Amino acid sequence: MERQTIALNEEYAGKVRPTLIFYITVAILGGLGNITVILVYCFRMKKQDNRYFIPVLACVDLIGCITNGIYFHLDDASQFIYPSDVLCRLLSFLVIFNNGVSGHIILVIALQRYLILCRPFGRQLSRSLRRLALFIICVLSLIYASPVLFASGKIRMTLLYNDVNVTTESCTYSSNVEKQDFFRHVYFGILLALILLNIIVTGCLYIPVIRKIYHTFSRLKRMSFMSQNLSKKEMECDAPSMNHGDETEADHGDECNIVQARMRNNMSVTLLVIIVVYICSFLPSLITQALALEEPEITDTVLHFNLYYFFLRFYLFNHVLNPFIYICFDLKFRRELKKWCCVCL
């Protein structure tokens, strides 16, 4: 009987292996990328208010890459012989909690950018308010992830495999509730609604920021300041001016104002791409999860099986792509990363 269970588990693992290998590879790359971001911000970057949430988000994304990678591996490789009830509950909780924290941090980043660019003379997020925001985010995520600690776990089932009844032990989100279908529909329906609401609010906050970016870019295009000198000029503006003539100092000040405007826009564009990636990574998962609530038939072919899990787990890219976004769009981060690499080599 045990041999049949192992054979069933191996057959299932073989079906989902392509998707598992892909997402484990993605999680490893994301973990390495987020470690790099954390190290650069800890040892190379000066602390700035407008970048306060970036290293925090990198820590959350690193945890997300690790927990989701382990969760995917155990769910696929040990679907019918799950090793531990405690591990099932813990991983299920961490996956939901971590996704909640990550999504809400991106919302607060959008709010902070909105206040900086669209309400520059209004009240801004002070350090105490930013810490309060992180505390509220953790409490909210804890509240709607905590039911999984009690509802999830290993469930023992008897399945017919090769004309033989086999006993399996699987990890599900609703193993320890009587009305499993009802819990799954209500709980995950609420979660999907919260994620969708978070996406809508984040997008609405950044629409005025996009307009501001567009107008600023249009204004800067009319100036003769060349973008290829941006990094050099930024370093000059960071240092105290050594010029003595009033006219020269005025020119230097004008150049620094242009540099600062370009750097603000550069950071805004970087955060815009992060928000777009967040929305695009969660939407396929939301749609697939919504379809899963109706229990569609997805196991008719191996291709459909892998496509289902590929889109269901698409949210992992929200934890993975941010470091590569910084490298591509954030000029200051890229400059410090290059310096750090040169020192290490």
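Structure: above.
Within each chain, residues carry numbers counting from 1 in the order of the written sequence. Under the rules for a predicted model, residues below a pLDDT of 70 receive no local features and side-chain atom pairs below 80 are neither given nor counted, while totals for whole chains, interfaces and linings still include all residues. Values reported for side chains reflect all heavy atoms of the structure, with hydrogen atoms and water molecules removed beforehand.

**Thoughts on the overall build of the protein**
For the protein, the count of helices and strands is eleven helices and two strands. Each helix is a run of DSSP H or I of at least 4 residues and each strand a run of E of at least 2, with the numbering of both proceeding from the N terminus. For the protein, the sequential pattern of α-helices and β-strands runs α-α-α-α-β-β-α-α-α-α-α-α-α. Burial status across the protein gives 46% buried among its 345 residues. Contacts in the protein between residues at least 24 apart in sequence constitute 80% of all its contacts with a sequence separation of at least 6. Residue exposure ignores everything except the shown protein chains as possible cover, and the areas themselves are Shrake-Rupley values with a 1.4 Å probe. Accessible area of the protein: about 18300 Å², with a carbon and sulfur share of 66%. Only protein chains enter the calculation, and the probe is 1.4 Å; a residue is then buried if its accessible area is under 20% of its type maximum, exposed if over 50%, and partly exposed in between. For this analysis, residues touch if any pair of their heavy atoms sits within 4.5 Å.

**Quick look at the state of the cysteines**
When two cysteine sulfur atoms are found within 2.5 Å, that pair is recorded as a disulfide. Per the stated rule, a full pass over the model turns up one disulfide. Linked covalently through their sulfurs, Cys88 and Cys171 form a disulfide whose S-S length is 1.9 Å. Sign of the S-S torsion, about 80° for the bond between Cys88 and Cys171, identifies this disulfide as right-handed. One end of the pair, Cys88, is in helix H3 (residues 85-118); the other, Cys171, is in strand E2 (residues 164-172), and 83 residues separate them in sequence.

**Here's the deal with the environment of Leu62**
By secondary structure assignment, the location of Leu62 is in helix H2 (residues 53-77). With 257 residues separating them in the primary sequence, Leu62 and His319 have C-alpha atoms 7.1 Å apart. Excluding residues that lie within four positions of it along the chain, Leu62 makes contacts with Gly31, Asn34, Ile35 and Ile38.

**A closer look at helix H4 (residues 127-151)**
Multiplying 1.5 Å by the residue count of a helix minus one yields the expected span of that helix. Between its first and last C-alpha atoms H4 spans 37 Å; for 25 residues at 1.5 Å apiece the expected length is 36 Å, and the two agree. Most pronounced at Tyr144, the bend in H4 amounts to some 35°, and the proline Pro147 follows within four residues. If you check which residues of H4 are buried, you get Arg130, Ala133, Leu134, Ile137, Ser141, Tyr144, Ala145, Val148 and Ala151. The quantity called bend is, for any residue, the angle between two axes fitted respectively to the seven residues ending at it and the seven beginning at it.

**Observations regarding a nonpolar patch on the surface**
For patch building, the residue pool is restricted to those with more than 30% relative accessible area and no salt bridge; the joining distance is 9 Å between like charges and 5 Å between nonpolar side chains (Val, Leu, Ile, Met, Phe, Trp, Tyr). For this document, the term salt bridge refers to a Lys or Arg side-chain nitrogen within 4 Å of an Asp or Glu carboxyl oxygen. On the surface, a cluster of nonpolar side chains totalling about 540 Å² of accessible area is made up of Leu132, Phe135, Ile136, Val139, Leu140 and Ile143. Relative to the helices and strands, Val139 is located in helix H4. Since its relative accessible area comes to 33%, Val139 is described here as partly exposed.

**Describing the packing of aromatic side chains**
Each Phe, Tyr or Trp ring, with Trp reduced to its six-membered ring, pairs with another whose centre is within 6.5 Å; inter-plane angles below 30 degrees give stacked pairs, above 60 give edge-to-face pairs, and intermediate values give tilted ones. By the definition in use, this model includes 26 aromatic pairs. Measuring from centroid to centroid gives 5.2 Å for Tyr52 and Phe53, while their planes differ by 85°, and the two rings are edge-to-face. By relative accessible area, Tyr52 is classed as partly exposed at 21%. Should the NZ of a Lys or the CZ of an Arg lie within 6 Å of a ring centre and within 35 degrees of the ring normal, that charge is described as sitting over the ring. Across from the ring centre of Phe305, 5.7 Å away, lies the NZ or CZ of Lys15, which sits over that ring. A cation over an aromatic ring shows up here: Arg130 above the ring of Tyr52, its NZ or CZ 4.6 Å from the ring centre.

**As for the pairing of strand E1 (residues 153-161)**
If DSSP finds at least two bridges between two strands, the strands pair. As paired elements, E1 and E2 share nine bridges and run antiparallel to each other. Bridged to Lys154 within E2 is Cys171. Counting the residues between successive antiparallel strands, the hairpin from E1 to E2 contains two residues, one of them, Asn162, with a positive phi of roughly 55°.

**Some thoughts on the side chain of Ser152**
Along the chain, the position of Ser152 falls in the loop between H4 and E1. A relative accessible area of 0% means that Ser152 is categorised as buried. Apart from residues lying up to four places away in sequence, Ser152 is in contact with Cys88, Arg89, Ser92, Thr172, Tyr173, Ser174, Ser175 and Asn176.

**Remarks on the packing of helix H1 (residues 2-43) against helix H10 (residues 322-329)**
Between N-to-C directions, angles cover 0 to 180 degrees, with each direction set by a line fitted to C-alpha atoms, over the stretch in contact for helices. Packing of H1 against H10 brings their axes to within 8 Å, and their N-to-C directions diverge by 55°. As far as their axial angle goes, H10 and H1 are oblique. Contact residues: H1 offers Leu29, Gly33, Asn34 and Val37, while H10 offers Pro323, Phe324 and Tyr326. For the contact of H1 with H10, the class distribution of residues is five nonpolar, two polar and no charged. To sort the angles, those under 35 degrees are grouped as roughly parallel, those over 145 as roughly antiparallel, those from 65 to 115 as roughly perpendicular, and the leftovers as oblique. Only Asp, Glu, Lys and Arg are considered charged, only Ala, Val, Leu, Ile, Met, Phe, Trp, Tyr, Cys and Pro nonpolar, and every remaining residue, Gly among them, polar.

Functional significance is not addressed by these values, which are geometric in nature.
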